[in-house]
Amino acid sequence: MDVGFMGLGVMGQPMALRLARSGARLIVWNRSPDRCAPLREAGARVAATVDELFEAAPVVVLMLADSAAIDSALGRDTREFGPRVAGRTVVHMGTTSPAYSRGLAADVRAAGGRYVEAPVSGSREPAEAGRLVAMLAGEPGDVAAVRPFLEPMCRETFLCGQVPGALLMKLAVNLFLITTVTGLAESFHFAERQGLDTKLFLDVLDAGPMASGVSRMKAPKLLAGDFGVQAAALDVLTNNRLVADAARSSGVASPLLDVCHALFADTVALGHGGLDMVAVLRAIEARTDGIGPAT
């Protein structure tokens, strides 16, 4: 079966490459055509238009930046939307608000299509290695049909009931990730400003019970001052807002997340939005030094 893939950004491109190299008959589309070149080299067909992709592929994976990008690419609220999604399975693998996903699911189904949520946990390196973790929600038959397509990209998949159960699960996971990385950056900053050997500090951390896959991925970046993107600070701020909005709408307190929200807003305001999320260190440093924004 042909599989369509839309959105070849930091996460989408390595995910699509995993699919292409697994032998899937892949057809891709991206707003910036230059991102398609590695997929073409891997054997994927490159669609010139969104309609060409939907005409070729009964299953279409969306790994787009946000709800506005999804609506624009699908032509939602235009006459093109219905013919594109009718008879197709739309697989939403990005991160949006649960309310948005619920509405998109209703529109796709009303147009005669099928809809599956499949957001993933992981950053660029796990995407490259096929070690993402996917959370799935939708009608059981639709989810079962989609699950095999995720195997080249994901180490594990988990069933999360009906839409928007998968996105709510993803936001809960993101809350832990955001607060964990912020805490790691703050502890690194404390050790550094106390004059400790920061490598020794990280070795001690890694030997103890606080070590994790996250700390082992992010600690070397802090030590080296390497802010190359695995998950961009601006994207983390956007995810933070999604979690905060979901918490507010259900009356749930999120005190740690709220502090992180302010710090990532500072990180972006300081000009570091395009760097990896460990650049939150710069916002913490700015507060110590009494410079820069404080939201």
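Notes on the structure follow. Numbering of residues starts from 1 in every chain and runs along the sequence as written. Totals for whole chains, interfaces and linings use all residues, but because this is a predicted model, local features are given only for residues with pLDDT of at least 70 and pairs of side-chain atoms are given and counted only at 80 or more. Excluding hydrogens and water, the side-chain figures rest on all heavy atoms present in the structure.

**Describing the overall build of the chain**
So, step 1. Going along the chain from the N terminus, every DSSP run of H or I of four or more residues is numbered as a helix, and every run of E of two or more is numbered as a strand. For the chain, the helix and strand inventory stands at 14 helices and 9 strands.
So, step 2. A globule of 295 residues ought to have a C-alpha radius of gyration of about 19 Å, and the chain, at 20 Å, matches this closely.
So, step 3. Its C-alpha atoms give the chain principal-axis dimensions of roughly 60 × 45 × 35 Å.
So, step 4. In the chain, the proportion of contacts linking residues at least 24 apart, taken out of those at least 6 apart, comes to 65%.
So, step 5. Here the chain displays about 13100 Å² of accessible surface, and carbon together with sulfur accounts for 56% of that area. The size measure is the radius of gyration over C-alpha atoms, and the globule rule it meets is 2.2 Å times the number of residues to the 0.38 power. The contact definition used throughout considers only heavy atoms, calling two residues in contact when any of these lie within 4.5 Å. Methods summary: accessible areas were calculated by the Shrake-Rupley approach with a probe of 1.4 Å, and residue burial reflects only the protein chains presented.

**Quick look at the nonpolar core**
So, step 1. Phe5, Met15, Leu26, Leu39, Met93, Val120 and Leu150 are the most contacted members of the largest nonpolar core, which has 32 residues in total.
So, step 2. Elements represented by at least two residues in this core include exactly strand 1 (2-6), helix 1 (12-21), strand 2 (25-29), strand 4 (59-62), strand 8 (132-138) and helix 8 (140-150).
So, step 3. Counting residues per element, this core draws most heavily on helix 1, which supplies 5 residues.
So, step 4. Not counting the four nearest positions on each side in its chain, methionine 15 is found in contact with Phe5, Met63, Met93, Val120, Ala127, Leu132 and Met153.
So, step 5. Core analysis: the next-biggest nonpolar cluster, separate from the first, contains 31 residues, Ala191, Leu222, Ala233 and Val278 among them. Grouping buried Ala, Val, Leu, Ile, Met, Phe, Trp, Tyr and Cys residues that are joined through side-chain atoms within 4.5 Å yields what is termed a nonpolar core. The classification of residues rests on relative accessible area computed with a 1.4 Å probe and restricted to protein chains. Under 20% of the type maximum is buried, over 50% is exposed, and intermediate values are partly exposed.

**A short note on the pattern of salt bridges**
So, step 1. The rule for a salt bridge is simple: a side-chain nitrogen of Lys or Arg has to be within 4 Å of a carboxyl oxygen of Asp or Glu. Across all of its chains, the model carries 15 salt bridges by this definition.
So, step 2. A salt bridge links aspartate 2 to arginine 25, with the nearest nitrogen and oxygen atoms 3.5 Å apart. Placement of the pair is aspartate 2 in strand 1 and arginine 25 in strand 2, with a sequence separation of 23 residues.
So, step 3. Linked through salt bridges whose partners overlap, the residues forming this network are Asp71, Arg76 and Asp107.

**Some points on unusual backbone geometry**
So, step 1. Look at the link from valine 163 to proline 164: it is a cis peptide, with omega at 10°.
So, step 2. Structurally, the position occupied by proline 164 is in the loop between strand 9 (154-159) and helix 9 (165-193).
So, step 3. Positive phi, normally seen in glycine, also occurs at aspartate 77, with a value near 70°.
So, step 4. With respect to the helices, strands and loops of the structure, aspartate 77 is situated in the loop between helix 4 (67-74) and helix 5 (81-85).
So, step 5. Looking at aspartate 77, the relative accessible area reads 74%, which means it is exposed.

**Examining the side chain of asparagine 239**
So, step 1. Looking at the secondary structure, you find asparagine 239 in helix 12 (residues 233-249).
So, step 2. Exposure remark for asparagine 239: the relative accessible area of 16% places this residue in the buried category.
So, step 3. N or O atoms closer than or at 3.5 Å make up a polar contact, with two conditions inside protein: a donor-capable atom paired with an acceptor-capable one, and, for residues adjacent in sequence, both atoms drawn from side chains. At 2.8 Å, the side chain of asparagine 239 forms a polar contact with the side chain of asparagine 174.
So, step 4. In terms of polar contacts, asparagine 239 uses its side chain to reach the backbone carbonyl oxygen of aspartate 235, at 2.8 Å.
So, step 5. Excluding anything up to four places from it in sequence, asparagine 239 contacts Thr95 and Asn174.

**A closer look at the pairing of strand 5 (residues 89-92)**
So, step 1. Going residue by residue along strand 5, you find Thr89 and Val91 tucked away on one face and Val90 and His92 tucked away on the opposite face as well.
So, step 2. Summarising the sheet, strand 4 and strand 5 pair through 4 bridges and their orientation is parallel. Opposite leucine 62, over in strand 5, you have histidine 92 as the bridge partner.
So, step 3. In the sheet, strand 5 pairs with strand 6 (residues 114-117) via 4 bridges, with the strands oriented parallel. Counterpart to valine 91 in the pairing with strand 6 is valine 116.
So, step 4. Handedness of the crossover joining strand 5 and strand 6 through helix 6 (residues 98-110) is recorded here as right-handed. Being paired, for any two strands, means DSSP has found at least two bridges between them. Assignment of crossover handedness uses the view with strands pointing away from the viewer, where a clockwise path from the first strand over the helix to the second indicates a right-handed crossover.

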